[in-house]
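Fold and geometry: a report
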Amino acid sequence: MSERISREELVKIYNIEITFFDELVDSGLLNIHTENKIRYLMYEDLPSFERFANWHYDLEINLPGLEVIHEMLRKMDGLTQKNRELMNKISAMSERYEDI
């Protein structure tokens, strides 16, 4: 089983409000696993959690702002990947034409 951390531990370690964590989950920004009524965040999702906490507490970005930023970054990642694919296709095509 993957490593995980409970919601209560996160609140203590990161000194955040439990409602902030719950709002991230309710908005779909974080995925959790529940076992015996205890909510857990998987370690692999910690970087996302830390990013949201930093944006919220350090930059004072509210939850709707976090949702917008997250969606924009997700779309940018998709566009970057698409651009990379297109550049690879162009490169492959140009190599074929150089051989002619």
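See the structure shown above.
Residues numbered from 1 in each chain as written. Predicted model: local features only at pLDDT ≥ 70, side-chain atom pairs only at ≥ 80, totals over all residues. Heavy atoms only, no water.

1. Notes on the pairing of strand 3 (residues 38–42)
Here is the rule we go by: Strand pairing is assigned whenever DSSP detects at least two bridges linking the two strands. Secondary structure elements are taken from DSSP: a helix is a run of H or I of four residues or more, a strand is a run of E of two residues or more, and numbering for both begins at the N terminus.
In the sheet, strand 1 (residues 4–6) pairs with strand 3 via three bridges, with the strands oriented antiparallel. Considered in strand 3, the bridge of Ile5 is made with Leu41. The pairing of strand 2 (residues 33–35) with strand 3 spans three bridges and is antiparallel. Within strand 3, the residue paired with His33 across the bridge is Tyr40. Adjacent in sequence and paired antiparallel, strand 2 and strand 3 are bridged by two residues, among which Asn36 carries a positive phi angle near 55 degrees.

2. Some remarks on the sheet that holds strand 3
Keep this limit in mind: Between N-to-C directions, angles span 0 to 180 degrees; the directions come from axes that are lines fitted to C-alpha atoms, helices contributing only their stretch in contact. Here a residue-residue contact requires only that any non-hydrogen atoms of the pair lie within 4.5 Å.
Spatially, three strands are ordered 1-3-2 in an open sheet, and the strand pairing comes out antiparallel. One side of each edge strand has no neighbouring strand; the edge strands of this open sheet are strand 1 and strand 2. Looking at each pair of strands side by side, their axes are set apart by 40 degrees on average, direction ignored. Those strands touched by helix 1 (residues 7–14) are strand 1 and strand 3, and its axis lies near 80 degrees from that of strand 1.

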